[in-house]
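One letter stands for each residue in the lines below.
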Amino acid sequence: MKRYYLLPIFTLALLASCDNSDEYIERMNQKPEIFLVTDMDVIDSEENSSEQQEEEGDSELVEEFQLVKQLSDSVKIQQGFQFTITVEDFSGNLNSVRLRDLVYQSGFLVEGNQVIDQELELIPGEQRTLFYHPYIEGQHNIVLQAEDAFGEMDQLELNLIVFGNVGPTASFESEKLNHLLYKFDASNSYDGDERFGGKVMKYTFLIAGQTIEAYSPDINFKFSEVGDYNVGLIVEDNEGTPSAMYSEFISVK
């Protein structure tokens, strides 16, 4: 008979524990964390301490990237911006990764050939590379938010200054080779956005009433007679944008 009395008590205890299981799991839950994966300088293992070398074994290189929550950078509007993200979720409750507050009149986000509208399926631990295409110049903010099944959230933010083409700057040096013959070297000219692929493509010298166009930075010019001359230079970048004129007075003797 005692068994029949104990069975309801055991059943009630089991039901009570089931009722509290979700609450218990929620209390033990750790929120997911979403990161930008950024490159960092490769560090030679010889520069590490002996303890680090023991932990890393015989490997010549240590970790080459770092995880950050926020990144600010600048980008040329014609090129767009590529970045990599990853999510850590130790509790295994990741629900979604979604965009927040991205204004599609300003730009759009893609992965491969697929435009990311709102949600992105992401497996914790994997790295995914995305590309942002801006439409207009100015400040652009891209926010990605990771949320788990219990509503715990984490986010990363990418702040971009988007700019158009930056024009080049002209400069040259002159060297007398012999009587009336001079060399003009414009290799010090540069494009304002060289970091983003800009380069000087064309050099236009204005010397003694003549216009000389060249596609290499140095030319030789022979003056017809001695005297003082104002020599000018305009350079043009790979997007066809000209510089302001740079000029010097040359005393030909």
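For clarity, every value in this text was computed on a predicted model and none was experimentally measured. (Residues numbered from 1 in each chain as written. Predicted model: local features only at pLDDT ≥ 70, side-chain atom pairs only at ≥ 80, totals over all residues. Heavy atoms only, no water.)

K.L.:
How should I be thinking about the sheet that holds strand E14 (residues 181-185) in this particular structure?
P.N.:
The strands making up a sheet are joined through hydrogen bonds of the backbone, oriented either antiparallel or parallel. Pairing in this open sheet of 3 strands is antiparallel, and the strands run E13-E14-E18 from one edge to the other. The sheet is open, and its two edges are formed by strand E13 (173-178) and strand E18 (218-222), each paired on a single side. Neighbour-to-neighbour, the strand axes of the sheet open up by a mean angle of 25°, direction not taken into account. (Pairing = 2+ DSSP bridges. Helix = DSSP H or I, 4+ residues; strand = E, 2+ residues; numbered from the N terminus. Axes fitted to C-alpha atoms, helices over the stretch in contact; angles between N-to-C directions.)

K.L.:
Even after reading the chapter, I still don't get the packing of aromatic side chains, so can you show me in this structure?
P.N.:
For any pair of aromatic rings, the description rests on two quantities: the centre-to-centre distance and the angle between the ring planes. Summed over the entire model, instances satisfying the criterion amount to 11 aromatic pairs. Considering the side-chain rings of Phe163 and Phe196, the 5.0 Å spacing of their centres and the 75° angle between planes classify their relative orientation as edge-to-face. With Phe163 in strand E11 (residues 153-163) and Phe196 in the loop between strand E15 (190-191) and strand E16 (200-207), this pair connects stretches of sequence that are 33 residues apart. Each member of the pair, Phe163 together with Phe196, is buried. With a centroid separation of 5.0 Å and an interplanar angle of 80°, the aromatic rings of Phe221 and Phe223 are classed as edge-to-face. Here Phe221 matches Phe223 in class, with each residue buried. (Phe/Tyr/Trp six-rings, centres within 6.5 Å; stacked < 30°, edge-to-face > 60°. Buried < 20%, exposed > 50% of the residue type's maximum accessible area, 1.4 Å probe, protein only.)

K.L.:
What is the right way to read unusual backbone geometry from this model?
P.N.:
Excluding glycine, residues mostly carry a negative phi; peptide bonds, for their part, are mostly trans. For Leu180, which is not a glycine, the phi torsion comes out positive at approximately 75°. Among the structural elements, Leu180 can be located in the loop between E13 and E14. Taking relative accessible area as the criterion, Leu180 reaches 10% and is therefore assigned buried. One non-glycine residue with positive phi stands out, namely Ala208, at about 50°. Mapped onto the fold, Ala208 is located in the loop between E16 and strand E17 (210-214). Ala208 gets classed as partly exposed once you look at its relative accessible area, which sits at 42%.

K.L.:
Teacher, can you tell me more about the pattern of salt bridges here?
P.N.:
When their charged atoms lie close together, side chains carrying opposite charge are able to pair. Taken as a whole, this structure holds 11 salt bridges when the rule is applied. Notably, a salt bridge pairs Asp154 with Lys31, separated by 3.9 Å at the nearest N-O pair. Residue Asp154 is found in strand E11, and its partner Lys31 is found in the loop between helix H2 (21-28) and strand E1 (33-39); the two are separated by 123 residues along the sequence. Its relative accessible area of 11% is what places Asp154 among the buried residues. Two residues, Lys76 and Asp193, come together in a salt bridge whose shortest N-O distance is 2.9 Å. Residue Lys76 is located in strand E3 (residues 70-76), and its partner Asp193 is located in the loop between E15 and E16; the two are separated by 117 residues in the primary sequence. For the pair Lys76 and Asp193, a shared accessibility class is recorded, and that class is buried. Connected via shared salt-bridge partners are Lys31, Glu33, Lys69 and Asp154. (Salt bridge = Lys/Arg side-chain N within 4 Å of Asp/Glu carboxyl O.)

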